[in-house]
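Summary of structural features
So you can see what is in the structure, the chains are spelled out below.
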Amino acid sequence: MRLTITPLDPSMHNRRAFSCGSSSIDTYFHEVAAQASKQLHAQTYVLTDTDDHSALRTVLGFYTLTPHEYRDEEMDSTTARALKLKNLRRIPAILLGQLGVTVDWQHRRLGPMLLEHAFRKALFASCCVGGALLVTDPIDDAARSFYRRFEFQELAGGSRLYLAMKTLAKLYPDVVAAAKSSVA
Ligand SMILES: CC(C)(COP(=O)(O)OP(=O)(O)OC[C@H]1O[C@@H](n2cnc3c(N)ncnc32)[C@H](O)[C@@H]1OP(=O)(O)O)[C@@H](O)C(=O)NCCC(=O)NCCS
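Report on the accompanying structure. (Residues numbered from 1 in each chain as written. Predicted model: local features only at pLDDT ≥ 70, side-chain atom pairs only at ≥ 80, totals over all residues. Heavy atoms only, no water.)

1. Examining the nonpolar core
Counted only if it meets this: The criterion is simple. A nonpolar core is a set of buried Ala, Val, Leu, Ile, Met, Phe, Trp, Tyr and Cys residues joined through side-chain atoms within 4.5 Å. Only protein chains enter the accessibility calculation, which uses a 1.4 Å probe. A residue is then buried if its area is under 20% of the maximum for its type, exposed if over 50%, and partly exposed in between. Strands are runs of DSSP state E lasting at least 2 residues, helices are runs of H or I lasting at least 4, and numbering of each runs from the N terminus. Every residue pair with non-hydrogen atoms within 4.5 Å of one another is taken to be in contact.
Membership of the largest hydrophobic core comes to 28 residues, with the highest contact counts inside it found for Y63, F119 and L134. Sorting the residues of this core by element identifies β3 (43-49), β5 (61-71), β6 (90-101), α3 (110-129), β9 (161-164), α5 (165-171) and α6 (173-181) as the ones contributing at least two each. At seven residues, the largest contribution of residues to this core is made by α3. Contacts of F119, omitting those with residues within four sequence positions, involve L134, F150, F152, L163, L168 and Y172. Of all hydrophobic cores here, the second largest spans 13 residues; its members include L8, F18, C20 and I25.

Shown next, in the form of structure tokens:
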């Protein structure tokens, strides 16, 4: 088995068979993800096995990123001060909108694999166009505690979690270097 993470391609990937156990995440993947990626409203990446030679490859997991923005007044002052975001008026961010691993493959650390890929993609994009935070909205307490294991912090005044892009830049200097030297 050789796992790979690539952009969702509906002509190659079996969307229908995917189920992570959360109906809202499954519905997004079945009905919205491909169109949103095609229209460049979001980008979905899927985890598959390159040794799977079916006409439509089984999707083991996926995640979705989309650009996001905060207004100054939406950000609590403690976080704004800590991240030096005060008086920017508009605060650039990236939203990790969806993350799911298909039920049969849960508890084999595919979630962390997808999350690390998402961290690297979000950091690369932020190095190119700006992005101070990676934010996410956990669907329930279990998802919240999953994200909290990976350094996500609580954003005051709501249920949202965030990770400072500067933290990711320290973790993945190779991504920063690649973005800076990228000519495309
Ligand atoms: C949440 C989800 C993505 C995790 O993916 P996974 O591949 O099953 O993750 P694993 O169970 O292999 O866990 C990886 C690590 O996170 C930990 N973990 C998993 N779920 C956790 C939870 N609810 N709370 C705390 N830690 C958790 C595991 O203990 C493991 O750590 P370890 O290797 O140090 O023991 C997956 O279970 C899923 O798709 N759930 C349904 C949809 C969902 O909740 N999505 C979250 C986004 S809103």
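2. Brief notes about the site of the ligand
In plain terms, the rule: In this text, near means that some heavy atom of the residue lies within 4 Å of the molecule or strand in question. For this analysis, a polar contact is any N or O atom pair within 3.5 Å, provided that within protein one partner can donate a hydrogen and the other can accept it, and provided that sequence-adjacent residues contribute only side-chain to side-chain pairs. In short, Shrake-Rupley with a 1.4 Å probe defines the accessible areas, and a residue's cover is counted only from the protein chains shown.
Of all residues adjacent to the ligand, which total 19 residues, the nearest are V101, R109, G111, S145 and R149. A distance of 2.9 Å separates a nitrogen atom of the ligand from a polar backbone atom of L99. R109 is positioned with one of its side-chain polar atoms (N or O) 2.2 Å from an oxygen atom of the ligand. Within the complex, the protein chains bury 75% of what would otherwise be the 910 Å² of accessible surface of the ligand.

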